[in-house]
Amino acid sequence: MTHSATRPFVRMNGAGNDFVVVNALETPFAPTADQARAIADRDSGQGCDQLIAIEPSDRADAFMRVWNADGGQVETCGNALRCVGWLLMESTGKDTVVIDTLGGPTTASRAGLHQVRVDMGPPGLDWTDVPLAEEMDTRGIELQVGPIDAPILHTPGAVSMGNPHVVFFTDRQDDGFVRGSGSLVEHHPLFPEGVNVGFANVLAPDRIRLRVWERGAGLTKACGTGACAALVATARRGLTGRHAVIEADGGELVIDWDESSGHVFMTGPVEIEGTGTLR
Ligand SMILES: N[C@@H](CCC[C@H](N)C(=O)O)C(=O)O
């Protein structure tokens, strides 16, 4: 085992999406899927939505590795990028840092007191980017939840933010519904790598209430990449402009889809909750 009972960690959250963050810049940290799942377990472990390791990188300030609560390693995590960015900026005194991930490199910058802005890059809009199992127009894919003759949810947008997202446009956002339909869609065969499932209620052209059933983690208080995907999906359908405040259960994220660069920018809070050692 490459993590010991004395391995320190920092507990952080970004808009309520919570993390156990391990500094692996000098001492490698390579838990198995079972070990990662045990750490994330809220009953017997430290408990978190995602386990994060900060590793050395030869092309960025650091590499961020992400495990979902189910122990699976995934490409990226928007809220964790802000947290790791903040830790790196605090320790180096820089105002901007580059963080590499399995989904590619990103840049994080200071944006105010405990606020960080991340350049999330351009969204993937082709069906092969998401990826989907078959060719479809990602502005509104052929997928429905509920009975065939009267679907409760249908024609969601599909977007890659380095990880796969599907976004339903709906004001139905109660816990039972999000959990029930989210867990069904997460494993739908149309998504060969699984999918994060967003439920977006457009309140105004610049305001979205969003809940996300995350792949490998379930219902979280916020999903950073999910917020970016929701803005992209609603803007492509003409439901919003290219800028919106996303209201998540745990706080607000500001998302901008810049027209000239095509990049999506996410600004939001970071919070350190405390420190501990892995058990
Ligand atoms: N909470 C994250 C996303 C974490 C990974 C996601 N569950 C996946 O499997 O892709 C965020 O803030 O983006």
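An unreviewed UniProt entry annotates the protein chain as Diaminopimelate epimerase of Brevundimonas alba. Check the Pathway (unreviewed entry) section of the UniProt entry for the protein chain; it says "Amino-acid biosynthesis; L-lysine biosynthesis via DAP pathway; DL-2,6-diaminopimelate from LL-2,6-diaminopimelate: step 1/1." If you open the UniProt record of the protein chain and go to Catalytic activity (unreviewed entry), you find "(2S,6S)-2,6-diaminopimelate = meso-2,6-diaminopimelate".

In terms of helices and strands, the protein chain carries four helices and 19 strands. Taking 19 Å as the expected radius of gyration for a compact globule of 279 residues, we find that the protein chain reaches 18 Å, a close match to that expectation. Burial status across the protein chain gives 47% buried among its 279 residues. Of all intrachain contacts in the protein chain linking residues separated by at least 6 positions in sequence, the fraction that spans at least 24 positions is 64%.

One finds Ile52, Val84 and Ala227 to be the most contacted residues of the largest nonpolar core, which totals 82 residues. When residues of this core are assigned to domains, at least three map to each of domain 1 (8-121 + 269-277) and domain 2 (144-262). With near-sequence residues (within four places) excluded, Val84 lies in contact with Val21, Ile52, Ile54, Ala62, Met64 and Ile99.

The next point concerns the domain arrangement of the protein chain. We note that the domain assignment places domain 1 (8-121 + 269-277) and domain 2 (144-262) within the protein chain. Relative to domain 2, the C-alpha centre of domain 1 lies at a distance of 22 Å. Facing the 23 residues of domain 1 at the interface are 19 residues of domain 2. By residue number, the principal contributor to the side of domain 1 that touches domain 2 is helix 2 (residues 78-92), which donates four residues. Its residues assigned to classes, the side of domain 1 that touches domain 2 shows seven nonpolar, twelve polar and four charged.

The terminal C-alpha atoms of helix 2 lie 21 Å apart, and with 15 residues this matches the ideal 21 Å at 1.5 Å per residue to within 8%. Across the 15 residues of helix 2, eleven count as buried, placing the element largely inside the fold. Buried residues of helix 2: Gly78, Asn79, Ala80, Leu81, Arg82, Cys83, Val84, Gly85, Trp86, Leu87 and Leu88, and no others. Downstream of helix 2 by one or two residues, Gly93 has phi in the positive range, about 80°.

What follows concerns the site of the ligand. For the ligand, the set of nearby residues contains 19 residues, the closest of which are Gly78, Asn79, Asn163, Gly224 and Thr225. When residues of the shell around the ligand are traced back to their parent elements, those giving at least two are helix 2 and helix 4 (224-236). Take the shell around the ligand: its biggest share by element is three residues, from helix 4. For the shell around the ligand, the per-class residue count stands at four nonpolar, twelve polar and three charged. When residues of the shell around the ligand are sorted by domain, at least three fall in each of domain 1 (8-121 + 269-277) and domain 2 (144-262).

For helix 1 (residues 33-40), the full list of buried residues reads Ala36, Ile39 and Ala40. Axial view of helix 1: buried residues confined to an arc of 95°, hence all on one face. Elements in contact with the buried residues of helix 1: strand 2 (17-23), strand 3 (50-55) and strand 4 (62-68).

Conventions we followed
Residue indices begin from 1 for each chain and proceed along its sequence in written order. Per-residue local features are limited, in this predicted model, to residues with pLDDT of at least 70; the limit for side-chain atom pairs, both in listing and counting, is 80 or more; totals at the level of whole chains, interfaces and linings are taken over all residues. UniProt positions are given in the numbering used here, feature names are shortened, and annotations may be inferred rather than shown by experiment. The helix count covers DSSP runs of H or I at least four residues long, the strand count covers runs of E at least two residues long, and both are numbered beginning at the N terminus. Here the globule rule is a power law, 2.2 Å times the number of residues to the power 0.38, and the radius of gyration is based on C-alpha atoms. Burial in this document is a count-based property: other C-beta atoms within 10 Å of a residue's C-beta are tallied, and the residue is buried at 20 or more, exposed at 12 or fewer, or partly exposed in between, with C-beta positions derived from the backbone. A pair of residues counts as a contact when their C-beta atoms, built from backbone coordinates, are within 7 Å of each other. We define the nonpolar core as any set of buried residues of the types Ala, Val, Leu, Ile, Met, Phe, Trp, Tyr and Cys, connected via C-beta atoms lying within 7 Å of each other. Domain borders in the structure are assigned automatically or taken from a domain database. Charged means Asp, Glu, Lys or Arg here, nonpolar means Ala, Val, Leu, Ile, Met, Phe, Trp, Tyr, Cys or Pro, and polar covers whatever is left, Gly included. To estimate the expected span of a helix, subtract one from its residue number and multiply by 1.5 Å. Using a C-beta atom placed from the backbone for every residue, we mark a residue as near a molecule or strand if that atom lies within 6 Å of it. The directions considered for the arc run from the helix axis to the C-beta atoms.

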